[in-house]
Amino acid sequence: MTIRPASDRSLHVVFGERIGAEAYAAVARLTHALTGAREVLNLHPAYTSVLIDFDPRRYTHERIEALVHACLDGPAAPDPEPRQVEIAVEFGGQCGPDLEDVARHTGFSPAGVIERFTGAVYQVYFVGFSTCFPYLGGLPEELATPRLPAPRKHVPEGSVAIGGPQAGVYPLASPGGWRLIGRTRLRLFDPQAVPPPLLRMGDRVRFVPEAGQ
Amino acid sequence: MSSIRVLSPGMQTTVQDLGRFGWAHFGISASGAADPFALRAGNLLAGNAENAAAVEMTLMGGAFEFETDTIIALAGSDFGAGLPLWTPVEVKAGQTLRCGPSQSGARCYLCVRGGIGVPKTMGSASTHVITGVGGRPLKAGDLLPIGKEAIRRPRPVPKSVPPLGNGPLRVTDGPQAETFADDLYRGSYTVAEESNRMGLRLRGPAIPSAAGHMVTEGAPLGAVQVPPDGQPIILFVEHQTTGGYPKPANVISADFRRLGQLRPRDQVSFERVTIEQALRELQRQEQWLYGL
């Protein structure tokens, strides 16, 4: 683990560089322990790191670092109960313009890609990027497909995508470089809802083909 | 309830306070005033709590009719309203404040005694423009209720206001500083037209990086990130909460007000300082604000 300032108002805690269950456990533990701490303004969990924003008029990097050590040395708070979320997806066609490319790259038929994709259970490693984007672990290794050489300017809201060894869902229309294999009507983000995102760190996700497919 | 009527909104006019904290782990950055120093000063001068919501105007100001007698303070850049900046001013019911194009920097704040009383979303009145959290940019005909954030009398006009300065933006080392040579500190960069509250895009000599492919990690406000094309982007108040581009540097808190006043085509350069220097600069700014 390394801890160092990222700015004059933030501290970056890094648990190595390997994406996986071990780093996830450390990130989740620290994030849950610091959620709601009065010293913390914002938490940015990621695959192997947590960035902690604080008010530099009130606290120092040393104080926040001591807090991090206290959280990691103390007893782990129980993780919030993961929720099971099912996401109905229309695969292929206009909704999933890259399904054929993924099939070509992986050597399966489009139906074979869908079968393997919907057969897995995913875990939300963290939520970030711009607005409630869930980074999902658990993509079957044989479906890993490199990102597009140049990102699309417009990825429609609800697009279900593969980016390298990861899967994700675009909650809002945005630019993006992942391979789009389908689209869901489920709204992952509703600015009127509090708390807003449907998916949280630790939640389990299953994708199912939309009825009629 | 007494209110302010938006007659014309200007280019991009939003309601802002100091931001919405505690939601970055859902991918929602704090948003809030682009020039937090001006918002706080304007609020304090109007006798408000410093975090009261105010109207943020960008590059081209709007016109506003007051439906009640009140006190306002304009802070930030001069938008040609014909009123002194950084000064509490009495206005009467029926009067109209007309702002125009900026005469100096990018943003001007209209702080009203009591604050703007729009409902808070997730603890803040700030508009997060790209997501729609907290509302949308103002339109003609909108009615802005005046809130109850007045906590004391309006303050006397300050003898002087700390200048924005036009030297280099001061930065501390970012998480990937060691993978960069000194290129960032040698060039001069132009603020690109497509800059917005998410990011200030800079154009200038490309900055090479040895960082290569990075694991996505958290990104703080003011981070200077360098995509593969070498053209730096300063992450701004509506920034993405995580990202995969290396970050050689981070703008210091005391210079956030300068980021909020940068306009397209402005020139910027960078100067490296230590965290201790950064905190001393912040403390100087705070002392002036406490003195109001």
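Before reading further, recall that the structure is shown in the block above.
Our subject in this report is the structure included herewith. (Residues numbered from 1 in each chain as written. Chains lettered and ligands numbered in written order. Predicted model: local features only at pLDDT ≥ 70, side-chain atom pairs only at ≥ 80, totals over all residues.)

**Topic: the sheet that holds strand S12 (residues 199–203) of chain B**
Residues and elements named next belong to chain B.
- Strand order across the open sheet formed by 8 strands is S18-S11-S12-S15-S14-S17-S10-S19, with mixed pairing between neighbours. Each end of this open sheet is capped by a strand with a single partner; those strands are strand S18 (267–268) and strand S19 (270–272).
- Here strand S11 (residues 189–191) runs beside S12; their pairing, made up of 2 bridges, is antiparallel. Each bridged residue has a counterpart across the sheet, and for Val191 the counterpart in S12 is Leu202. (Pairing = 2+ DSSP bridges. Helix = DSSP H or I, 4+ residues; strand = E, 2+ residues; numbered from the N terminus.)

**Section: the packing of helix H1 (residues 21–34) of chain A against helix H2 (residues 61–73) of chain A**
All names here are of chain A.
- It is at 10 Å that the axes of H1 and H2 come closest, and there the two elements cross at 115°. Regarding the angle of H1 to H2, the classification is roughly perpendicular. For the pair H1 and H2, the sense of crossing is right-handed. Only Val68, Cys71 and Leu72 of H2 make contact with H1, whose side of the interface consists of Leu30, Ala33 and Leu34. (Axes fitted to C-alpha atoms, helices over the stretch in contact; angles between N-to-C directions. Parallel < 35°, antiparallel > 145°, perpendicular 65-115°, else oblique. Left-handed = near helix turned anticlockwise from the far one by under 90°. Contact = placed C-beta atoms within 7 Å.)

**Some thoughts on the interface of chain A and chain B**
- Each partner contributes residues to the interface: chain A has 38 residues there, and chain B has 34 residues.
- Those elements giving two or more residues to the side of chain A that touches chain B turn out to be strand S1 (2–7), strand S2 (10–14), strand S3 (42–45), strand S4 (49–53) and strand S6 (122–128) of chain A.

**Structural notes on helix H3 (residues 99–106) of chain A**
All names here are of chain A.
- Regarding H3, the residues found buried are Leu99, Val102 and Ala103. Take H3 and look down its axis: the buried residues cluster within an arc of 100°, on one side only.
- In the core, the buried residues of H3 are packed alongside strand S5 (84–91), helix H4 (110–119), strand S9 (159–163) and strand S12 (179–183).
- After H3 finishes, the residue Gly107 shows a positive phi value of roughly 85°. (Buried ≥ 20, exposed ≤ 12 C-beta atoms within 10 Å, placed from the backbone. Arc of directions from axis to C-beta.)

**Observations concerning the pairing of strand S10 (residues 166–169) of chain A**
All names here are of chain A.
- Residues Gln166 and Gly168 line one face of S10 and the alternating positions Ala167 and Val169 line the opposite face, and both faces are buried.
- Judged from the 2 bridges that link them, strand S7 (residues 133–137) and S10 form a sheet pairing that is antiparallel. Bridging from a neighbouring strand, Leu136 pairs with Ala167 of S10.
- Summarising the sheet, S9 and S10 pair through 4 bridges and their orientation is antiparallel. Its bridge partner lying in S10, Ala161 is registered against Gly168.

**Things to note about helix H1 (residues 36–45) of chain B**
- When you tally the buried positions in H1 of chain B, you get 10 out of 10 residues, the bulk of the element.
- Positive backbone phi, at 85°, marks Gly47 of chain B, one or two positions downstream of H1 of chain B.

**Concerning the nonpolar core**
- Within the largest apolar cluster, 74 residues are counted, with the highest numbers of intra-cluster contacts made by Ala54, Leu74, Tyr109, Leu110 and Cys111 of chain B.
- Ranked by residues supplied to this core, first place goes to H1 of chain B with 6 residues.
- Not counting chain neighbours up to four residues away, the residues in contact with Cys111 of chain B comprise Gly42, Asn43, Ala46, Asn48, Ala54, Ile72, Ala73 and Ala75 of chain B.
- In terms of nonpolar packing, the next biggest core, distinct from the first, is built from 66 residues, Leu41, Ile64, Ala161 and Ile162 of chain A among them. (Core = buried A, V, L, I, M, F, W, Y, C linked by C-beta atoms within 7 Å.)

**Overview of the sheet that holds S5 of chain A**
- Within the closed barrel, the 7 strands sit side by side as S5-S12-S9-S10-S7-S6-S13 (chain A). Their pairing is mixed. Shown here is a sheet whose adjacent strand axes are inclined to one another by a mean of 40°, direction ignored.

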